[in-house]
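Here is what each chain is made of, one letter per residue.
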Amino acid sequence: MTNASRIPQTHRLILVRHAHSSVDPARPAREWGLADDGRAAARRLASLAVFDHAAGFYAGPEPKMLATLAPVAAEHGQQVQPEPGFAETHSEGWLGGEQFLSTVHRFFETPDQPPAPDWETAAAAAARFAAAVERLRARHAPVVHPGHALPATFAIASGGRMLTAYLSHLLGYSAERALEAWHRLKMPDIAVVELAATAPPRVVILFGTLAV
Amino acid sequence: MAGRAQAFSDPTVIALASERFVPVAENCSPLQSQRDAKGEFFRLVAEQGHYAGHTYPTGTRQGYYTFTADGKVLAAMNSRDPQRMIDLMQTALRRWHTLVDLAVATNGHAGNGAASRADAVPDYVPARPSLYPEGGFVLQLAARDLPREVDTRKDDWRRHAWNLDYAWFTRDEARSLVPEILTPGNRKQAPREIVRRLARFHLRDFVRGEPSVWPEEAIRHGELIAEIVEVSGDRVRLALRGAILLQREAHWVRPEDGEERRSDTGFDATLVGAATWDAARRAFTSFDLLAAGPRCGANQYNNRSDDLGPAPMGIAFTLAGHEPRDRTPPHTIYHRDYFVA
């Protein structure tokens, strides 16, 4: 018999940056789906055993996020559950090229201020993402097997700015480090983060390591 | 050992593993914390597998992993069941084809994370120094249960279990086993250090698992005597005989529930064997020693809770070869008492 009081209350988040989206400047980015190569990459994600212990698959409500995780969830007999808290940071309007990059720089450099009119701040986005994570942590308990226990694990698909803002909030990234992390993200990309009751949060697998 | 006896003796497993995969065997214990590229790569693999994040009751990452050359795990588990092993490899192959076929179809490739990661980790530096006794005296061990008059063991892998290990002695220790004057009838008592190493580290009941070493106080009696039976030029033939009695009450705490367990354990081994000493080379050219007798009891990792005995066990020692595999360290080589000056 396993002594429940001895089981570490640990969670593992598999953070998934969405695959390559089908860009359409005429429509808001939040409505974009995946491009052909993005759909193929999403299917490749389903080959990775890192998802085998995920008890749930969650994504922001944007089609490109749901579609990125859908093949993975299907491989495990599940469906992706949309979660508004995991949406990409809110933005307005089409900003092309340099204007978009400079806005993203401001997003990380001044996390408490909107980088452009009607954009969500990095701090506010990280707070709503973290709140959604905490709701899921309450829902997912460590998995107890005869003789051993594993962390509760679930997968979350979101956008690049959102995931970087959350990691910056969680791990105390500087603005420079956050920007560098955002620039290095691939499409799709995966990181594994561990949240323990008795230890600081830590990145177990970095973004970029398991790119498909 | 049990993995070899079960999963890796299955013909389908052998065919899949040898024809569709590149098999690699590694000792996970040091790799779990080894601070070099090899350890880093192992941890990347392990943290995607069946024990990802496993800290309770231990942090072990032992098991079977199928993975790509750049470290993407395709399937993993810790089971010795042949059918589960076949399922694991077939899942891995299916996933591999998905990775590769879709990458080719989209003009990509199956792995693009390795190069940057390789740049980020230092070169391979063994985390622990090699203690291999160059020019010394290396024995290979095989342990198994011996036939019983009444056999109550389950009719499964436990009846056929066997295990291997190596024992390391220095060149000087080899010489210390041979009488000084090479005349038939001369005898030499093995030095205490050799008997102690044999007893504590190599007369463990490791037929089914990985028991810890015997403590010094478990040695109730120990002697090994070499007697010269024939001298022919530089060739000296020796008869080996002796006895080692080990007894202790094993106790351990089950990490699952904190419950303390105890068991009276022992091995009453009779030693018998033969060896050939080359006086010119100052080395053994053959060495065969059998330790056989009743063993009893269980301990934390020897998988004997259903077979407390007493029941006969044999451990055969023979001269190891010179293949790379023959440099495999003894299971307990890094115990602080293994080599004592």
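Residues numbered from 1 in each chain as written. Chains lettered and ligands numbered in written order. Predicted model: local features only at pLDDT ≥ 70, side-chain atom pairs only at ≥ 80, totals over all residues. Heavy atoms only, no water.

A. Looking closely at the packing of aromatic side chains. Residues and elements named next belong to chain B. Applying the stated criterion to the full structure yields 17 aromatic pairs over all chains. A connected cluster of aromatic rings, assembled from ring pairs, spans F137, F169, W277, F284 and F287. Over the ring of W157 we find R80; its NZ or CZ atom is 4.8 Å from the centre of that ring. In this structure, R327 packs its charged tip against the face of Y132, placed 3.9 Å from the ring centre. (Phe/Tyr/Trp six-rings, centres within 6.5 Å; stacked < 30°, edge-to-face > 60°. Lys NZ or Arg CZ within 6 Å of the ring centre and 35° of its normal.)

B. Representation of empty space enclosed by the protein. What the rule picks out here adds up to three cavities of 30 Å³ or more. Approximately 160 Å³ is the volume found for the largest cavity. A per-element tally of the lining of the largest cavity places strand 8 (residues 260-278) of chain B first, with three residues. Of the residues in the lining of the largest cavity, the class split is 10 nonpolar, six polar and four charged. Taken as a whole, the second largest cavity spans an internal volume of roughly 90 Å³. Lining the second largest cavity are A:R12, A:I14, A:A49, A:V50, A:H53, A:L150, A:T153, A:V192, B:E47, B:Q48, B:G49 and B:A52. When grouped by side-chain class, the residues that make up the lining of the second largest cavity number six nonpolar, four polar and two charged. (1 Å grid on protein atoms, 1.4 Å probe; cavity = no way out; pocket = protein on both sides within 12 Å on 5 of 7 lines; lining within 4 Å. Points joined across faces, edges and corners; volume = space filled by probe spheres on them. Helix = DSSP H or I, 4+ residues; strand = E, 2+ residues; numbered from the N terminus. Nonpolar A, V, L, I, M, F, W, Y, C, P; charged D, E, K, R; others polar.)

C. Expanded view of the environment of A:A67. Residues and elements named next belong to chain A. With respect to the secondary-structure elements, A67 resides in helix 2 (residues 63-75). When the C-alpha positions of A67 and H18 are compared, they lie 8.2 Å apart, and in sequence the two are 49 residues distant. Not counting chain neighbours up to four residues away, the residues in contact with A67 comprise L34 and A42. (Contact = heavy atoms within 4.5 Å.)

D. Highlighting the interface of chain A and chain B. At the junction of the two partners, chain A supplies 33 residues and chain B supplies 33 residues. A combined buried area of about 2700 Å² lies between chain A and chain B, and 56% of that area is made up of carbon and sulfur atoms. One can count four salt bridges joining chain A with chain B. Of the charged contacts in the structure, one is a salt bridge between B:R95 and A:E75, with a shortest N-O distance of 3.1 Å. Counting across the chain A and chain B interface gives seven residue pairs in polar contact (both at pLDDT 80 or more). Elements that contribute at least two residues to the side of chain A that touches chain B include exactly helix 1 (36-45), strand 5 (148-150) and strand 8 (202-205) of chain A. (Buried area = accessible area lost by both parts, 1.4 Å probe. Salt bridge = Lys/Arg side-chain N within 4 Å of Asp/Glu carboxyl O. Polar contact = N/O pair within 3.5 Å; in protein donor to acceptor, adjacent residues only side chain to side chain.)

E. Quick peek at the nonpolar core. Residue and element names in this part refer to chain B. Membership of the largest hydrophobic core comes to 51 residues, with the highest contact counts inside it found for L203, L224, L238, F284, F287, I315 and F317. Looking at this core, the elements with two or more residues in it are strand 3 (137-145), strand 4 (162-169), helix 9 (192-202), strand 6 (219-232), strand 7 (235-253), strand 8, strand 9 (283-296) and strand 10 (311-319). Apart from residues lying up to four places away in sequence, F287 is in contact with F137, L139, L177, L240, A274, A275, F317, T318 and L319. By size, the runner-up hydrophobic cluster in this structure holds 38 residues, among which are V13, A17, M77 and L99. (Core = buried A, V, L, I, M, F, W, Y, C linked by side-chain atoms within 4.5 Å. Buried < 20%, exposed > 50% of the residue type's maximum accessible area, 1.4 Å probe, protein only.)

F. Fine view of the side chain of A:T121. With respect to the helices and strands, the residue A:T121 is situated in the loop between helix 3 (97-109) and helix 4 (122-139). Not counting residues within four places of it along the chain, the set of residues in contact with A:T121 comprises A:F107, A:P111, A:D112, A:Q113 and A:P114.

G. How the structure looks around the pairing of strand 10 of chain B. Residue and element names in this part refer to chain B. Here strand 3 runs beside strand 10; their pairing, made up of seven bridges, is antiparallel. Its bridge partner being in strand 10, A143 is matched across the sheet by I315. The pairing of strand 9 with strand 10 spans eight bridges and is antiparallel. Pairing of A292 across the sheet is with G314, part of strand 10. (Pairing = 2+ DSSP bridges.)

H. Just the pairing of strand 7 (residues 189-196) of chain A, in detail. Residues and elements named next belong to chain A. Here strand 7 lies mainly inside the structure; seven of its eight residues are buried. Taken together, the three bridges between strand 7 and strand 8 define a ladder with antiparallel strand orientation. The residue of strand 8 that forms the bridge with V193 is V203. Here strand 7 hands over to strand 8 after five residues, the two strands then running antiparallel side by side.

I. Layout of the pattern of salt bridges. Residue and element names in this part refer to chain B. Scanning the model with the defined rule gives 43 salt bridges over all chains in all. Residues R148 and D145 are paired through a salt bridge, measuring 3.3 Å at the closest nitrogen-oxygen approach. Since its relative accessible area comes to 17%, R148 is described here as buried. Classification of D145 as buried rests on a relative accessible area of 6%. One network of salt bridges, with partners in common, ties together D145, R148, D151, R153, D156, R158, D205, R208, R295, R304, D306 and D307.

J. Region of interest: the environment of B:T66. Residue and element names in this part refer to chain B. Assignment of secondary structure puts T66 in strand 1 (residues 64-67). Taking the C-alpha atoms as reference points, T66 and I181, 115 residues apart in sequence, are found 57 Å from one another. When neighbours within four sequence positions are excluded, T66 is seen to be in contact with F21, K72, V73, L74, A75, L88 and A92. Of note is the side chain of T66, whose polar atom sits 2.8 Å from the backbone oxygen of A75.

K. Structural detail: the sheet that holds strand 8 of chain A. Residues and elements named next belong to chain A. As summarised here, the arrangement of the six strands in space is 3-2-6-1-7-8, forming an open sheet in which the pairing is mixed. Of all strands in the sheet, those with a lone pairing partner are strand 3 (81-82) and strand 8, marking the two edges. Across the face of the sheet, helix 4 comes into contact with strand 1 (10-17), strand 2 (57-59), strand 3, strand 6 (152-158) and strand 7 while running at roughly 150° to strand 6. (Axes fitted to C-alpha atoms, helices over the stretch in contact; angles between N-to-C directions.)

L. A look at the confidence of the model for chain B. All names here are of chain B. Put simply, chain B has an average pLDDT of 89, and 90% of its residues get 70 or more. Between the elements of chain B, mean pLDDT differs from a low of 46, seen in helix 6 (residues 114-120), to a high of 98, seen in strand 10. For residues 107-118, every residue scores under 50 in pLDDT, and the model assigns this stretch 23 contacts once sequence neighbours within four places are set aside. As a predicted assembly, this complex carries a pTM of 0.75 together with an ipTM value of 0.93. (pLDDT = per-residue confidence, 0-100.)

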